[in-house]
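Reading the structure
Residue-level listing of the chains:
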Amino acid sequence: MLSLSGPRLLLANNPFSRRAPARLLLRSSSCSFSSSGTSAATTDSSSLLHPGIAVCIDDDKIAHVALSSPPVNALTPTLLESLRVAVRGLPAAGAKGFILSSTSQKVFSAGLDLNLLLKGESESYAEFFTRTRAYVAGLQEAARELLSSDLPSVAMVEGAAPAGGTVMSLCCDYRVSPQSSPNFFIGLNETQVGMSPPAWVLELAKLAVTSRRADLFLQRGTLFNSPQEAHSVGFLDALVENRDQMRSRAVAEIREFWQAAWLARADAKRIAREPVLAAMTEEGLDQLAASISGAEFQRTVAGIRERLRTNRGKKGSP
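Residues numbered from 1 in each chain as written. Predicted model: local features only at pLDDT ≥ 70, side-chain atom pairs only at ≥ 80, totals over all residues. Heavy atoms only, no water.

Some thoughts on the overall build of the chain
Assigned secondary structure in the chain consists of ten helices and ten strands. Out of the 318 residues belonging to the chain, those deemed buried represent 53%. Split by element, the accessible area of the chain, about 13700 Å² in all, is 51% carbon and sulfur. (Helix = DSSP H or I, 4+ residues; strand = E, 2+ residues; numbered from the N terminus. Buried < 20%, exposed > 50% of the residue type's maximum accessible area, 1.4 Å probe, protein only. Areas by Shrake-Rupley, 256 points an atom, 1.4 Å probe, with all protein chains shown as cover.)

See the structure below:
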C-alpha cells in the first residue's frame, strides 16, 4: 500500500519525528477546510481531537472527514487510528453520511509510510516483524471501519492516491474527482515495490472493477495517470468540472443513498462487502508482514530511498 510511479515516489515523514497536528470535530452550516486543515466553522464545547484529520458535521448531518497530515497524508499509525475512531464515532455525533477527502488538492493520500516499513539496522527480524504486523493491522482495522459503517460514504479524490490511498477511496461507497486534478495517479501498485497485496485488497478491488481487471491490476501494480483513465476502468464513479462541483456531487450522492430504506440499504452494503471483510484474517496479516520483512521489498524500497536522496543532493548542488 505504498506510493510508486516511476520517479514519482511519495516518501512520507516518520510520525514519531514530526507528529501530525490535532484537528477538531466541528459543527457548521457548511464545512470547508483550508490546506492546513482548519475549518471556517466555530468549535463547540464537545469538540473531539483527531490527530492528522479534520472532521466537521454540517446542518444536513453529513460529516466531512478530511485527511490533514502534510505533506502527503501518509497513512501513519496515528492517522489510521484517528480515522478509525472518527468514523466509528460519527453516528453518535449525529451524522447520517460522510465524505472522505483531503485538505490538499495535490494529494489524497500517498499510502503507508515507507520510512516505517524499512528495517532498522539495530532491529532484529522478530522485532521488525512484530512492529510491521501491528502497523498493517492498523490499516486493516481502519479499512474495516470504513467498510462496515452503516453510513453512506463518498470519497472526493484529488491528486495522488496510490496504493493505500486507493484502498481508502475504495472503502467508500462512491468516488468522485475533478476532470483536471494536479499530480493525479491512482492504483494498487504494491507489487511494484515487492509487497504482496493481501487477499482483502483483491476482494476490495473487485467491488469497483471486474474480477479479471482486479487480477491484472494487482499483479502488474497498474497505476492510472488521469481521472479519465481511472473512471474508464471503474476506480472512479464520476467526474465533474471542478472542485466546487465535486463537493456538490458528493453531497448529492449521499442524499441519493438516503432515498433507500435505511436498514435495507445498510444490509445490502454489508452483503456486498462480506467477501472483503471475510478476507481480513490474522493469517493474512502474518503474510503481509512477512512480505514487507522480506529481502525483495526491503531491497527495492532501500534502493528507491537512496535514489531519492541522491536526486535531492544533486538539486541542492550549486
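The structure having been displayed, the exposition proceeds.
Quick notes on the packing of aromatic side chains
Tallying each qualifying case throughout the model produces four aromatic pairs. For the ring pair phenylalanine 217 and phenylalanine 224, a centre distance of 5.0 Å and an interplane angle of 75° mean the geometry is edge-to-face. By way of ring pairs, the aromatic residues Phe217, Phe224 and Phe235 are connected into one cluster. It is arginine 265 that lies over the ring of tryptophan 262; its NZ or CZ is 4.6 Å from the centre. (Phe/Tyr/Trp six-rings, centres within 6.5 Å; stacked < 30°, edge-to-face > 60°. Lys NZ or Arg CZ within 6 Å of the ring centre and 35° of its normal.)

Quick notes on the environment of proline 197
Along the chain, the position of proline 197 falls in the loop between strand S9 (185-187) and helix H4 (199-205). Classification of proline 197 as partly exposed rests on a relative accessible area of 24%. Between the C-alpha atoms of proline 197 and glycine 284, which are 87 residues apart in sequence, the distance is 9.5 Å. Non-local contacts of proline 197, meaning those with residues more than four positions away in its chain, are made with Thr191 and Leu218. (Contact = heavy atoms within 4.5 Å.)

Remarks on the nonpolar core
One recurring pattern in soluble globular proteins is that nonpolar side chains are buried together. Residues Met168, Trp200 and Phe235 are the most contacted members of the largest nonpolar core, which totals 70 residues. If one sorts the elements of this core by residue count, helix H2 (residues 125-148) sits on top with nine residues. Not counting chain neighbours up to four residues away, the residues in contact with phenylalanine 235 comprise Leu170, Arg175, Gly187, Leu188, Ala208, Val209, Phe217, Phe224 and Ala230. (Core = buried A, V, L, I, M, F, W, Y, C linked by side-chain atoms within 4.5 Å.)

A look at the pairing of strand S5 (residues 97-102)
Counting buried residues along S5, six of its six residues qualify, which places the element largely inside the surrounding structure. Side chains Gly97, Ile99 and Ser101 project from S5 onto one buried face, and the interleaved Phe98, Leu100 and Ser102 project onto a second face that is buried too. The pairing of strand S4 (residues 62-67) with S5 spans six bridges and is classified as parallel. Bridge assignment links leucine 67 to a residue of S5, and that residue is serine 102. What joins S4 to S5 is helix H1 (residues 77-89), and the crossover it makes is right-handed. Inspection of the sheet shows S5 paired to strand S6 (residues 153-156) by three bridges, in the parallel sense. Counted as the bridge partner of phenylalanine 98 is serine 153 from S6. Taken together, S5, H2 and S6 form a β-α-β motif whose crossover is right-handed. (Pairing = 2+ DSSP bridges. Right-handed = clockwise from strand over helix to strand, strands pointing away.)

Considering the pattern of salt bridges
By the definition in use, this model includes 16 salt bridges. Close ionic contact of glutamate 141 with arginine 144 constitutes a salt bridge, the shortest N to O distance being 3.1 Å. Taken as a pair, glutamate 141 and arginine 144 lie in helix H2 at a separation of three residues, close to a single helical turn. By relative accessible area, glutamate 141 is classed as partly exposed at 31%. For arginine 144, a relative accessible area of 26% puts it in the partly exposed group. Put simply, aspartate 173 and arginine 273 hold a salt bridge, and the shortest N to O gap is 3.0 Å. Here aspartate 173, found in the loop between helix H3 (164-170) and strand S8 (174-178), pairs with arginine 273, found in helix H8 (residues 262-278); they are 100 residues apart in sequence, far enough to count as distant. (Salt bridge = Lys/Arg side-chain N within 4 Å of Asp/Glu carboxyl O.)

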